[in-house]
Amino acid sequence: MILHLSTWPEIEAQLTRSRTIVIPIGSTEQHGPTGLLGTDWLCSEIIAHRAHAEDSGILVGPTFNVGMAQHHLGFPGSISLRPSTMMLVLRDWVSSLSMHGFETIYFLNGHGGNIPTIEAAFSEIYAEASYAKRRAGVTLMLRNWWQFPGVDELAHRQFPTGHGSHAQPSEIAITQAAYPESIKVAPCDPPIAPSGPIREAIDFRARHPDGRMGSDPLQATPAHGEALIALAAKGLVAEIEALAAGADQA
Ligand code: NI
């Protein structure tokens, strides 16, 4: 099921079958000269919806599509939440879903820059329960789409050089597979972008003038993306099935 394409009675009925919901999460931020601003949340959403297409019992919630992207704010179109704001918003999403009986809230993430903030939000939610001497009543999970078995390995086989760490050909290929009408063509010079640390937005743009970090996104094709989507979706279906079977949660 897709939550925003369902009615409340349908969700109430779903809760009698499963208390797990998958929330795609990402970021709206620049992805170099050819990458879409929505790349990070699009990748999570595309993979979650593919998993749902393969197993309609998986409930996918609305996409959390603005994340912690302060370092990209030197590029037009990027939108960011501060870490402190994002933690509060995540807490309210979790509280809302938990109120209705969801017990496992599984965030499928597409943006590395979100990871510390999501993990800190989880700790805050658990801390509230600990100080109140009660159970949290909810299990919070974070999985990055490239963590599913074989996915990162496949991306590095597809792109042995120039995979990089931002505006990667793998993530751009996934969006190309799902949105071929939005494939962009633009020069990337040098072909493999420089790497470097991540600090504030002005520093980021000075180090990475076209937005890429260590990547050569011109290698991306829809066929690469389709293979990555298929493998990641398979991993997501398997993990949700394992959760339903009572497997210990990583
Ligand atoms: Ni990205």
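Refer to the preceding data block for the structure.
Predicted model only: the values in this text are computed from it and were never measured.

## Regarding the layout of surface pockets
Then, in step 1: In this structure, the largest pocket encloses a volume near 320 Å³.
Then, in step 2: Along the wall of the largest pocket there are 22 residues; nearest its centre are His111, Gly112, Ser165, His166 and Gln168.
Then, in step 3: Those elements giving two or more residues to the lining of the largest pocket turn out to be helix H5 (151–158) and helix H6 (169–178).
Then, in step 4: Among the elements that take part in the lining of the largest pocket, H5 stands out by supplying three residues, more than any other.
Then, in step 5: In terms of residue class, the lining of the largest pocket is built from six nonpolar, twelve polar and four charged.
Then, in step 6: Lining the second largest pocket are 13 residues; nearest its centre among them are Leu3, Ile11, Leu97, His100 and Phe102.
Then, in step 7: Every element with two or more residues in the lining of the second largest pocket is listed here: helix H1 (8–17), strand E1 (20–25) and helix H3 (83–99).

## Brief notes about unusual backbone geometry
Excluding glycine, a negative phi dihedral is what most residues carry, and trans is how most peptide bonds are arranged.
Then, in step 1: Here aspartate 189 and proline 190 are connected by a cis peptide whose omega angle stands at 0 degrees.
Then, in step 2: Assignment of secondary structure puts proline 190 in the loop between H6 and helix H7 (201–207).
Then, in step 3: Although it is not a glycine, lysine 133 sits at a positive phi angle of roughly 55 degrees.
Then, in step 4: The topology assignment puts lysine 133 in the loop between helix H4 (115–131) and strand E3 (139–144).
Then, in step 5: A relative accessible area of 78% means that lysine 133 is categorised as exposed.
Then, in step 6: Phi is positive for alanine 167, which is not a glycine, with a value near 60 degrees.

## Details of the packing of H6 against helix H8 (residues 222–244)
Then, in step 1: Interhelical geometry of H6 versus H8 gives an angle of 95 degrees and a closest axis separation of 7 Å. It follows that H6 is roughly perpendicular to H8 by the angle criterion. In this structure, H6 uses Ser170, Ala173, Ile174, Gln176 and Ala177 to contact H8, whose residues at the interface are Pro222, His224, Gly225, Glu226, Leu228 and Ile229.
Then, in step 2: Residues of the contact of H6 with H8, tallied by class, amount to six nonpolar, four polar and one charged.

## A word on the coordination of the nickel ion
Then, in step 1: Note on the nickel ion: its protein donors are His31 (NE2), Asp40 (OD) and Glu171 (OE). The metal-donor distances range over 1.9 to 2.2 Å.
Then, in step 2: Here the donor residues of the nickel ion share one chain and are spaced in sequence as H-x8-D-x130-E. Residue histidine 31 is found in the loop between E1 and helix H2 (39–54), and its partner glutamate 171 is found in helix H6; the two are separated by 140 residues along the sequence. The pair formed by histidine 31 and glutamate 171 is uniform in burial state, with each residue classed as buried.

## With respect to H8
Then, in step 1: Here H8 is 23 residues long and its end C-alpha atoms lie 33 Å apart, about the 33 Å a rise of 1.5 Å per residue gives.
Then, in step 2: All of the buried residues in H8 are Gly225, Leu228, Ile229, Ala232, Ala233, Gly235, Leu236, Val237, Glu239, Ile240 and Leu243.
Then, in step 3: Packing partners of the buried residues in H8 comprise E1, H2, strand E2 (104–109), E3, H5 and H6.
Then, in step 4: Residue glycine 246 follows H8 closely and has a positive phi angle near 90 degrees.

## Describing the environment of arginine 134
Then, in step 1: Considering the arrangement of structural elements, one finds arginine 134 in the loop between H4 and E3.
Then, in step 2: Beyond its immediate sequence surroundings of up to four residues, arginine 134 is in contact with Glu128 and Ala129.

## What to know about the packing of aromatic side chains
Each aromatic ring pair is summarised here by two numbers: the centre-to-centre distance and the angle between the ring planes.
Then, in step 1: Inspection of every chain in the model, using the stated rule, returns four aromatic pairs.
Then, in step 2: Ring centres 6.2 Å apart and planes at 85 degrees place the aromatic pair phenylalanine 75 and phenylalanine 204 in the edge-to-face group. Pair noted here: phenylalanine 75 is in the loop between H2 and H3 and phenylalanine 204 is in helix H7, with a separation of 129 residues, a long-range link. The exposure classification of phenylalanine 75 matches that of phenylalanine 204, with both residues buried.

## Considerations on the side chain of glutamate 29
Then, in step 1: If you trace the backbone, glutamate 29 turns up in the loop between E1 and H2.
Then, in step 2: Buried within the structure, glutamate 29 lacks any salt-bridge partner; its nearest side chain of opposite charge belongs to arginine 212, at an N-O separation of 14 Å.
Then, in step 3: Separated by 3.1 Å, the side chains of glutamate 29 and histidine 72 make a polar contact.
Then, in step 4: Excluding its chain neighbours within four sequence positions, the residues that come into contact with glutamate 29 are Leu36, Leu37, Asp40, Ala69, His72, Ser78, His111 and His166.

## Let's talk about the sheet that holds E3
Then, in step 1: The parallel open sheet is built from three strands, whose spatial order is E1-E2-E3. This sheet does not close on itself; its edge strands, each paired only once, are E1 and E3. Averaged over all pairs of adjacent strands, the angle between strand axes in this sheet comes to 20 degrees, irrespective of strand direction.
Then, in step 2: Where E1 lies against E2, six bridges are found, and the strand directions are parallel. Bridged to isoleucine 23 within E2 is phenylalanine 107.

So, how was this worked out
- Residues numbered from 1 in each chain as written.
- Predicted model: local features only at pLDDT ≥ 70, side-chain atom pairs only at ≥ 80, totals over all residues.
- Heavy atoms only, no water.
- 1 Å grid on protein atoms, 1.4 Å probe; cavity = no way out; pocket = protein on both sides within 12 Å on 5 of 7 lines; lining within 4 Å.
- Points joined across faces, edges and corners; volume = space filled by probe spheres on them.
- Helix = DSSP H or I, 4+ residues; strand = E, 2+ residues; numbered from the N terminus.
- Nonpolar A, V, L, I, M, F, W, Y, C, P; charged D, E, K, R; others polar.
- Buried < 20%, exposed > 50% of the residue type's maximum accessible area, 1.4 Å probe, protein only.
- Axes fitted to C-alpha atoms, helices over the stretch in contact; angles between N-to-C directions.
- Parallel < 35°, antiparallel > 145°, perpendicular 65-115°, else oblique.
- Contact = heavy atoms within 4.5 Å.
- Donors = N, O, S within 2.8 Å, 3.2 Å for Na, K, Ca; no water.
- Expected span 1.5 Å × (residues − 1).
- Phe/Tyr/Trp six-rings, centres within 6.5 Å; stacked < 30°, edge-to-face > 60°.
- Lys, Arg positive; Asp, Glu negative; His and termini not counted.
- Salt bridge = Lys/Arg side-chain N within 4 Å of Asp/Glu carboxyl O.
- Polar contact = N/O pair within 3.5 Å; in protein donor to acceptor, adjacent residues only side chain to side chain.
- Pairing = 2+ DSSP bridges.

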